[in-house]
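Coordinate inspection notes
Given next are the chains, with one letter for each unit.
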Amino acid sequence: MTLRLILVRHAKSSWTDPALDDHARPLNGRGRRSAAAIGEWLARNGHAPDLVLSSDSARTRETWALIAPALSAEPMIEWRRELYHAGAQDMLDILRGAGTAQTVLMLGHNPGIAGFAGMLARRPHPHPRFRDFPTAATAVIEMDAAAWPAADWGTGTVTAFVVPRDLGAD
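Below, the structure is looked at part by part. Just so it is clear, the structure is predicted and the values come from calculations on it, not from any experiment.

Bringing the overall build of the chain into the picture now. A tally of helices and strands in the chain yields four helices and six strands. Tracing the chain from N to C terminus, the helices and strands come up as β-α-β-α-β-α-β-α-β-β. Taking 15 Å as the expected radius of gyration for a compact globule of 170 residues, we find that the chain reaches 15 Å, a close match to that expectation. Along the longest, intermediate and shortest principal axes, the C-alpha atoms of the chain span 45 × 30 × 30 Å. Out of the 170 residues belonging to the chain, those deemed buried represent 52%. Partitioning the contacts of the chain with sequence separation of at least 6, the portion at a separation of at least 24 is 76%. Where the 18 positive side-chain charges of the chain centre and where its 18 negative ones centre are 6 Å apart.

Here you go:
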């Protein structure tokens, strides 16, 4: 069984209310368009998750709400406070608890998600934005593990990477 991890950074958030707590910031118009485009890209390429592990911030919840309509099946979703600005090791620890899901989508924040993608990958993807993982960037990583508890650094192959600009959505 091949395990697939889909990493998505939340889409572009709004800074129109500087008094708003960071955790509560929603998406801006560009972010909403980008999230919908990523959902369509995932659907077109057959990348549907069985399980979504997401930060519980407003912008990650909204990103998922705009991705989900494009997908044919509704996965189980876990909103995880500990994924809010999580570091790479915390993300790996959470992923290792993903149970029997074959395809997991993790939705989070930078700099953690960029570091996580880079450390999981055997080799970085050649896309020029892979290392900095801009908003709504999405990576698909095939893992060399029989089960999620065996996932480890340097054991993944990045089979796809896309940013909204590649889709004309930026």
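Back to the text.
Let's shift gears to the pattern of salt bridges. A full pass over the atoms with the stated rule returns ten salt bridges. A salt bridge links glutamate 82 to arginine 80; its shortest N-O distance comes to 2.7 Å. What makes glutamate 82 partly exposed here is its relative accessible area of 41%. The partner of arginine 96 in a salt bridge is aspartate 93, with the nearest N and O atoms 3.9 Å apart. Classification of arginine 96 by relative accessible area gives partly exposed; the value is 26%. One salt-bridge network, in which partners are shared between bridges, spans Asp22, Arg25 and Arg59.

Scoring rules and cut-offs
Residues numbered from 1 in each chain as written. Predicted model: local features only at pLDDT ≥ 70, side-chain atom pairs only at ≥ 80, totals over all residues. Heavy atoms only, no water. Helix = DSSP H or I, 4+ residues; strand = E, 2+ residues; numbered from the N terminus. Rg over C-alpha atoms; globule rule 2.2 N^0.38 Å. Buried < 20%, exposed > 50% of the residue type's maximum accessible area, 1.4 Å probe, protein only. Contact = heavy atoms within 4.5 Å. Lys, Arg positive; Asp, Glu negative; His and termini not counted. Charge placed at Lys NZ, Arg CZ, Asp CG, Glu CD. Salt bridge = Lys/Arg side-chain N within 4 Å of Asp/Glu carboxyl O.

Don't take any of this as a statement about function, it's just geometry.
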